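What the coordinates show
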Amino acid sequence: MNANARVIFALFMIHVVCSSAPLGIPALIPFIQSDLGLSLTELGGLSASLSLGVAAAGLFTGWSGDIFGIRVMAGIGLSLAGIAFFIASQSTTIPALVVLFALAGAGYSTITPATNKIVLQRVEKRLWGTAMGIKQTGASVSGFLTALLFPIIGVHFGWSTALAGAGAAIMICGITVFIVHRDPPAGDRQASRGNQRSLRRLLTNRDLVLLCVETALRVGIQFAVLTYLLLFSLDELKLSVPAGAAILAVCQIAGAVGRIFWGVVSDYCFGGRRKVVYVPLAFAASAILLLLSFCDAATPLPLLFLVAAGIGVSALGFQGLGFSLTVAVVPQENVGAASGLSMAFAFSGAVVMTPMFGYIVEHTHLFERAWQALALVAMASACIVLFVREPVAEKAPAAAE
């Protein structure tokens, strides 16, 4: 295994381990509700608190990574997330869980800025798009594995055991990053300190702001799909629980494949250009979400699987390309802060759009309208990227996350 492969594999595993609790919580929600007697409103607040923590801390953690380095930022942040999840596993009140999940989200927000900077520091430029896609796939793999394993653990040992184990694993990962990782010389970070004195540098970057808004839309779509696809399969498509779970699993796996595949296509077929792949991907997501809105109980199961796979590849498979395009439009010394700002926008989109999807369904009594709304959002995201000025090939991340 060469140096590039070792780094990419390590980043992939970091995402697998550190996403286990954040992406595993939905699989534990029924057990938490039963154990603590929570209402649906309280469960919604509990789920949102994690995203709020990520959104609130995202900019600060990215900025701190540029100044203090990945070792301090990610080592402390991931350790904090692990400790918060572990303590939350022993909590029995909703206020305590909300606070601890928010703290865990703040710590978890360090993972993307940290791994983005490591890609830029340790991976050859020609592989940046592929590396971004593979490392982000770790989150999808983690979500798939926890969806399979956490319910079994919850039945036999309780939700607290599953969450405690995930929290301990994240804490160990954070400690390992702190011990093993070595940042560039302090002089390089000192240069970024001067460039990070004000947020104005980032907020006046037209292309970065456009991409942050667009990322909020795409991540909002992603969270809405993952939250409601199973419920739609059971209530509207009248599928059995195993068949509905299979639909969701196909969507997740397709998303993982898409994150790698589109990065490879961008790197090797288009010389590292991102927009040429990223924009059609958003239009494709819009079309497939629109197709999903017309599916009903009479739709053949094989077609439903194809639609789920198409949504996964398009609406969930964008992140590697998105991060590559984001880091391309800012100076390398500002990558951490730019990634943090992007994460803050992204999770804000998730906080807003997921309950908005539910609101549409509740007030129209039709999933069809909600899927069509997501299709419009996907189209809007594609139009936004059309106005982003991608750097010329020799300056783009994969030309020469």
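Residues numbered from 1 in each chain as written. Predicted model: local features only at pLDDT ≥ 70, side-chain atom pairs only at ≥ 80, totals over all residues. Heavy atoms only, no water.

1. Details of the overall build of the protein chain
A count of helical and extended segments in the protein chain gives 17 helices and zero strands. Looking at the protein chain as a whole, 54% of its 401 residues qualify as buried. With an accessible surface of roughly 16,200 Å², the protein chain has 71% of that area assigned to carbon and sulfur atoms. (Helix = DSSP H or I, 4+ residues; strand = E, 2+ residues; numbered from the N terminus. Buried < 20%, exposed > 50% of the residue type's maximum accessible area, 1.4 Å probe, protein only. Areas by Shrake-Rupley, 256 points an atom, 1.4 Å probe, with all protein chains shown as cover.)

2. Looking at the packing of aromatic side chains
All told, the structure shown has eight aromatic pairs when counted by the stated rule. For the pair Phe223 and Phe347, a centre-to-centre distance of 5.7 Å together with 70° between the ring planes defines the contact as edge-to-face. With Phe223 in helix 11 (residues 206–235) and Phe347 in helix 16 (residues 335–364), this residue pair connects regions lying 124 residues apart in the sequence. The partly exposed category is assigned to Phe223, whose relative accessible area is 24%. Geometrically, the ring pair formed by Phe232 and Trp371 is edge-to-face, given 5.4 Å between the ring centres and 80° between the ring planes. Residue Phe232 is located in helix 11, and its partner Trp371 is located in helix 17 (residues 367–386); the two are separated by 139 residues in the primary sequence. Neither Phe232 nor Trp371 differs from the other in exposure class; each is buried. (Phe/Tyr/Trp six-rings, centres within 6.5 Å; stacked < 30°, edge-to-face > 60°.)

3. Notes on the confidence of the model for the protein chain
Mean pLDDT over the protein chain stands at 81; residues scoring 70 or higher make up 88%. Here residues 188–196 scores under 50 on pLDDT; set against residues more than four positions off or in separate chains, the count is 18 contacts. Scored below 50 in pLDDT, residues 394–401 shows 43 contacts in the model against residues more than four places distant or in partner chains. (pLDDT = per-residue confidence, 0-100. Contact = heavy atoms within 4.5 Å.)

4. Details of helix 4 (residues 70–88)
The terminal C-alpha atoms of helix 4, which comprises 19 residues, lie 26 Å apart, in line with the 27 Å expected from a rise of 1.5 Å per residue. Listing the buried residues of helix 4 in full gives Ile70, Met73, Ala74, Gly75, Gly77, Leu78, Ser79, Ala81, Gly82, Ala84, Phe85 and Ala88. (Expected span 1.5 Å × (residues − 1).)

5. Description of the nonpolar core
Soluble globular proteins tend to pack their nonpolar side chains together in the buried interior. Counting residues in each nonpolar core, the largest one holds 77 residues, and the members touching the most others are Phe85, Phe101, Val119, Val123, Leu163 and Leu208. For this core, the element with the highest residue contribution is helix 4, accounting for eight residues. Phe232, Leu239, Ala243 and Val307 belong to the second largest nonpolar core, which has 31 residues in total. (Core = buried A, V, L, I, M, F, W, Y, C linked by side-chain atoms within 4.5 Å.)

6. As for the packing of helix 4 against helix 6 (residues 111–122)
The N-to-C vectors of helix 4 and helix 6 enclose an angle of 145°; their axes lie 9 Å apart at closest approach. Helix-helix and strand crossings are classified by hand; for helix 4 and helix 6 the assignment is left-handed. On helix 6, the residues touching Ile70, Met73, Ala74 and Leu78 of helix 4 are Ile111, Pro113, Ala114, Lys117, Ile118 and Gln121. Residue classes in the contact of helix 4 with helix 6 are distributed as eight nonpolar, one polar and one charged. (Axes fitted to C-alpha atoms, helices over the stretch in contact; angles between N-to-C directions. Left-handed = near helix turned anticlockwise from the far one by under 90°. Nonpolar A, V, L, I, M, F, W, Y, C, P; charged D, E, K, R; others polar.)

7. Comments concerning the pattern of salt bridges
For the coordinates displayed, the defined rule picks out four salt bridges. One salt bridge connects Glu214 with Arg218, and the closest N-O pair in it is separated by 2.2 Å. You can see Glu214 and its partner Arg218 sitting in helix 11, four residues apart, about one turn around the helix. Residue Arg218 is classed as buried on the basis of its relative accessible area, which comes to 4%. One salt bridge connects Arg369 with Glu368, and the closest N-O pair in it is separated by 3.3 Å. Among the charged side chains, a salt-bridge network with shared partners connects Arg206, Asp207 and Arg389. (Salt bridge = Lys/Arg side-chain N within 4 Å of Asp/Glu carboxyl O.)

8. As for helix 13 (residues 275–293)
Between its first and last C-alpha atoms helix 13 spans 27 Å; for 19 residues at 1.5 Å apiece the expected length is 27 Å, and the two agree. Buried residues of helix 13: Lys275, Val277, Tyr278, Val279, Leu281, Ala282, Ala285, Ser286, Leu289, Leu292 and Ser293, and no others.

9. Overview of the environment of Leu374
Tracing the backbone through its elements, the reader meets Leu374 in helix 17. Once you skip the residues sitting within four places of it in the chain, Leu374 turns out to touch Ile221, Ala224, Val225, Leu289, Met353 and Phe357.

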